[in-house]
Amino acid sequence: MYKVRSLLIAILLIALPLIASGQSNIPQSREGPIQIDADSGEYDNRLNAYKLFGNVRISHGGLVVSADEGFAYQTPGEDERVELFGSPTEWTMILDDGTEANGQSDQIVYNLTEGIIMMMGNARVEDSRGVFTGARLTYNLETQKTEGEGGVQVVIDPPGQSN
(Lines give C-alpha, C1' and ligand atoms only; values in the text may rest on other atoms or scores of the structure.)
Protein backbone atom coordinates (compact mmCIF):
# COMPACT_ATOMS: atom_id res chain seq x y z
CA MET A 1 0.00 0.00 0.00
CA TYR A 2 1.44 3.34 -1.05
CA LYS A 3 0.27 6.28 1.06
CA VAL A 4 0.89 9.92 0.20
CA ARG A 5 -0.46 13.01 1.92
CA SER A 6 -0.37 16.13 -0.19
CA LEU A 7 -2.10 19.49 0.06
CA LEU A 8 -2.78 19.32 -3.67
CA ILE A 9 -4.59 16.03 -3.43
CA ALA A 10 -6.51 17.14 -0.35
CA ILE A 11 -7.82 20.15 -2.26
CA LEU A 12 -8.68 17.94 -5.23
CA LEU A 13 -10.69 15.60 -3.04
CA ILE A 14 -12.68 18.45 -1.58
CA ALA A 15 -13.26 20.11 -4.95
CA LEU A 16 -14.08 17.18 -7.25
CA PRO A 17 -17.69 16.80 -6.12
CA LEU A 18 -18.34 20.42 -7.01
CA ILE A 19 -18.24 19.37 -10.64
CA ALA A 20 -21.70 17.95 -10.12
CA SER A 21 -23.43 21.17 -11.15
CA GLY A 22 -22.67 23.19 -8.03
CA GLN A 23 -24.01 20.75 -5.46
CA SER A 24 -25.13 22.57 -2.31
CA ASN A 25 -25.37 19.43 -0.21
CA ILE A 26 -21.72 18.40 -0.27
CA PRO A 27 -20.76 16.66 2.97
CA GLN A 28 -19.34 19.02 5.55
CA SER A 29 -17.45 16.35 7.52
CA ARG A 30 -13.97 15.89 6.03
CA GLU A 31 -12.44 14.27 9.08
CA GLY A 32 -10.05 11.39 8.98
CA PRO A 33 -7.09 10.62 6.81
CA ILE A 34 -6.87 10.90 3.06
CA GLN A 35 -5.81 7.47 1.88
CA ILE A 36 -4.08 7.01 -1.46
CA ASP A 37 -3.25 3.54 -2.73
CA ALA A 38 -1.47 2.55 -5.94
CA ASP A 39 0.53 -0.33 -7.31
CA SER A 40 3.62 1.90 -7.32
CA GLY A 41 4.59 5.52 -6.82
CA GLU A 42 7.39 8.00 -6.46
CA TYR A 43 8.15 11.62 -5.66
CA ASP A 44 10.24 13.51 -8.23
CA ASN A 45 12.15 16.31 -6.45
CA ARG A 46 13.24 17.84 -9.74
CA LEU A 47 9.64 18.28 -10.92
CA ASN A 48 8.10 18.72 -7.45
CA ALA A 49 5.63 16.02 -8.44
CA TYR A 50 4.04 12.94 -6.93
CA LYS A 51 3.61 10.15 -9.49
CA LEU A 52 1.28 7.22 -8.81
CA PHE A 53 0.88 4.25 -11.14
CA GLY A 54 -1.58 1.37 -11.43
CA ASN A 55 -4.91 1.07 -9.65
CA VAL A 56 -4.74 4.53 -8.08
CA ARG A 57 -7.49 4.83 -5.47
CA ILE A 58 -8.04 7.93 -3.35
CA SER A 59 -10.47 7.76 -0.40
CA HIS A 60 -11.58 10.48 1.98
CA GLY A 61 -14.86 10.34 3.85
CA GLY A 62 -17.64 9.56 1.37
CA LEU A 63 -15.48 10.29 -1.68
CA VAL A 64 -13.66 7.65 -3.71
CA VAL A 65 -11.61 8.47 -6.83
CA SER A 66 -10.17 5.74 -9.07
CA ALA A 67 -7.62 6.20 -11.86
CA ASP A 68 -4.95 4.27 -13.70
CA GLU A 69 -2.31 6.88 -12.83
CA GLY A 70 -2.04 10.27 -11.19
CA PHE A 71 0.34 13.20 -10.93
CA ALA A 72 0.36 16.17 -8.54
CA TYR A 73 2.59 19.12 -9.44
CA GLN A 74 3.55 21.95 -7.09
CA THR A 75 6.12 24.26 -8.65
CA PRO A 76 6.49 27.78 -7.17
CA GLY A 77 5.70 30.50 -9.72
CA GLU A 78 3.84 28.12 -12.05
CA ASP A 79 0.37 26.65 -12.19
CA GLU A 80 -0.14 24.04 -9.49
CA ARG A 81 -2.23 21.14 -10.73
CA VAL A 82 -3.34 17.56 -10.24
CA GLU A 83 -3.76 15.26 -13.25
CA LEU A 84 -5.52 11.88 -13.18
CA PHE A 85 -5.74 9.47 -16.12
CA GLY A 86 -7.79 6.33 -16.59
CA SER A 87 -9.92 4.13 -18.72
CA PRO A 88 -11.95 5.85 -17.35
CA THR A 89 -11.05 7.96 -14.31
CA GLU A 90 -14.03 7.72 -11.94
CA TRP A 91 -15.25 9.35 -8.75
CA THR A 92 -18.20 8.67 -6.48
CA MET A 93 -19.41 10.66 -3.51
CA ILE A 94 -22.18 10.13 -0.99
CA LEU A 95 -23.77 13.51 -0.27
CA ASP A 96 -25.21 14.68 3.06
CA ASP A 97 -28.76 13.95 1.88
CA GLY A 98 -27.74 10.32 1.23
CA THR A 99 -27.81 10.59 -2.55
CA GLU A 100 -24.84 9.74 -4.70
CA ALA A 101 -23.00 11.94 -7.19
CA ASN A 102 -20.53 10.36 -9.58
CA GLY A 103 -18.51 11.19 -12.61
CA GLN A 104 -16.11 9.74 -15.09
CA SER A 105 -13.81 10.84 -17.89
CA ASP A 106 -10.57 9.80 -19.53
CA GLN A 107 -8.66 12.57 -17.74
CA ILE A 108 -9.24 14.98 -14.87
CA VAL A 109 -7.04 18.08 -14.49
CA TYR A 110 -7.44 20.38 -11.51
CA ASN A 111 -5.59 23.69 -11.83
CA LEU A 112 -5.28 25.02 -8.27
CA THR A 113 -3.85 28.36 -9.40
CA GLU A 114 -6.87 29.18 -11.57
CA GLY A 115 -9.47 27.23 -9.56
CA ILE A 116 -10.55 25.25 -12.63
CA ILE A 117 -11.44 21.54 -12.78
CA MET A 118 -11.55 19.94 -16.24
CA MET A 119 -12.90 16.49 -17.08
CA MET A 120 -11.74 15.58 -20.59
CA GLY A 121 -12.64 12.72 -22.90
CA ASN A 122 -16.08 11.13 -22.55
CA ALA A 123 -16.90 13.29 -19.52
CA ARG A 124 -20.03 12.44 -17.55
CA VAL A 125 -21.41 13.78 -14.26
CA GLU A 126 -24.52 12.25 -12.71
CA ASP A 127 -26.45 13.06 -9.55
CA SER A 128 -30.03 12.79 -8.31
CA ARG A 129 -31.04 15.71 -10.53
CA GLY A 130 -29.80 14.29 -13.81
CA VAL A 131 -26.85 13.72 -16.12
CA PHE A 132 -24.47 16.16 -17.87
CA THR A 133 -22.16 14.75 -20.56
CA GLY A 134 -19.72 16.10 -23.13
CA ALA A 135 -16.27 15.64 -24.59
CA ARG A 136 -15.07 18.15 -22.00
CA LEU A 137 -16.70 19.50 -18.83
CA THR A 138 -15.10 22.46 -17.04
CA TYR A 139 -16.03 23.66 -13.55
CA ASN A 140 -14.93 27.06 -12.21
CA LEU A 141 -14.69 27.05 -8.41
CA GLU A 142 -15.03 30.83 -8.14
CA THR A 143 -18.10 31.26 -10.35
CA GLN A 144 -19.51 27.76 -9.58
CA LYS A 145 -20.28 27.45 -13.28
CA THR A 146 -20.05 24.22 -15.27
CA GLU A 147 -19.47 24.42 -19.01
CA GLY A 148 -19.53 21.61 -21.54
CA GLU A 149 -18.00 21.21 -25.00
CA GLY A 150 -18.16 18.59 -27.72
CA GLY A 151 -21.61 17.08 -28.06
CA VAL A 152 -23.03 18.24 -24.75
CA GLN A 153 -26.12 16.47 -23.48
CA VAL A 154 -28.11 17.29 -20.35
CA VAL A 155 -30.81 14.96 -19.03
CA ILE A 156 -32.84 16.40 -16.15
CA ASP A 157 -35.07 14.16 -14.06
CA PRO A 158 -38.48 15.62 -13.18
CA PRO A 159 -38.96 16.42 -9.47
CA GLY A 160 -39.74 13.30 -7.46
CA GLN A 161 -38.09 10.95 -9.95
CA SER A 162 -34.54 9.68 -9.92
CA ASN A 163 -32.32 8.54 -12.78
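Anything mentioned here points back to the structure above.
The notes below deal with the structure included here. All residue numbers refer to position in the chain's written sequence, counted from 1. Whole-chain, interface and lining totals are the exception, using all residues; otherwise, since this is a predicted model, local features are given only for residues with pLDDT of at least 70 and side-chain atom pairs are given and counted only at 80 or more. As a convention, hydrogens and water are excluded, and side-chain values are obtained from all of the structure's heavy atoms.

### Observations concerning the overall build of the chain
Thought 1: What the chain contains, in helices and strands, is 1 helix and 10 strands.
Thought 2: Secondary structure counts use DSSP, requiring at least four H or I residues in a row for a helix and at least two E residues in a row for a strand, with both numbered from the N terminus. Listing every helix and strand of the chain by position from the N terminus yields α-β-β-β-β-β-β-β-β-β-β.
Thought 3: When contacts within the chain are restricted to residue pairs at least 6 apart in sequence, long-range pairs at least 24 apart make up 45% of them.
Thought 4: In these tables, accessible area is a Shrake-Rupley quantity obtained with a 1.4 Å probe, and a residue counts as shielded only by the protein chains included in the view. By element, 46% of the accessible surface of the chain is carried by carbon and sulfur atoms, the whole surface being about 8400 Å². Here, residues are in contact when the closest pair of their heavy atoms is within 4.5 Å.

### Considering the pattern of salt bridges
Thought 1: Salt bridge, as used here: a side-chain nitrogen of Lys or Arg that lies within 4 Å of a carboxyl oxygen of Asp or Glu. Evaluated as defined, the whole model comprises 4 salt bridges.
Thought 2: Here Arg-46 ties to Asp-44 by a salt bridge, and the two come within 3.7 Å at their closest N and O atoms.
Thought 3: According to the relative accessible area criterion, Arg-46 is exposed, its value standing at 68%.
Thought 4: When its relative accessible area of 14% is taken as the criterion, Asp-44 is described as buried.
Thought 5: Between Lys-51 and Asp-44 there is a salt bridge, with its nearest N and O atoms 3.6 Å apart.
Thought 6: The exposure class assigned to Lys-51 is buried, which follows from its relative accessible area of 15%. A 1.4 Å probe rolled over the protein chains alone gives each residue an accessible area, and that area as a share of the maximum for its type sets the label: buried under 20%, exposed over 50%, partly exposed in between.

### Some points on the pairing of strand S3 (residues 49–60)
Thought 1: Only when DSSP finds a minimum of two bridges between them are two strands counted as paired. Taken together, the 3 bridges between strand S1 (residues 35–37) and S3 define a ladder with antiparallel strand orientation. From the neighbouring strand, Ile-36 faces S3, where its bridge partner is Ile-58.
Thought 2: The pairing of strand S2 (residues 40–44) with S3 spans 5 bridges and is classified as antiparallel. If you follow Tyr-43 over to S3, its bridge partner there is Tyr-50.
Thought 3: Hairpin connection from S2 to S3: 4 residues lie between these consecutive antiparallel strands, with Asn-48 at a positive phi of about 50 degrees.
Thought 4: Two elements, S3 and strand S4 (residues 63–73), share 10 bridges in a ladder whose sense is antiparallel. Bridging from a neighbouring strand, Arg-57 pairs with Ser-66 of S4.

### Some thoughts on unusual backbone geometry
Thought 1: For the bond running from Ser-87 to Pro-88, omega is -5 degrees, close enough to zero to count as cis.
Thought 2: Despite not being glycine, Asn-48 shows a phi value in the positive range, around 50 degrees.
Thought 3: Owing to a relative accessible area of 24%, Asn-48 belongs among the partly exposed residues under this scheme.

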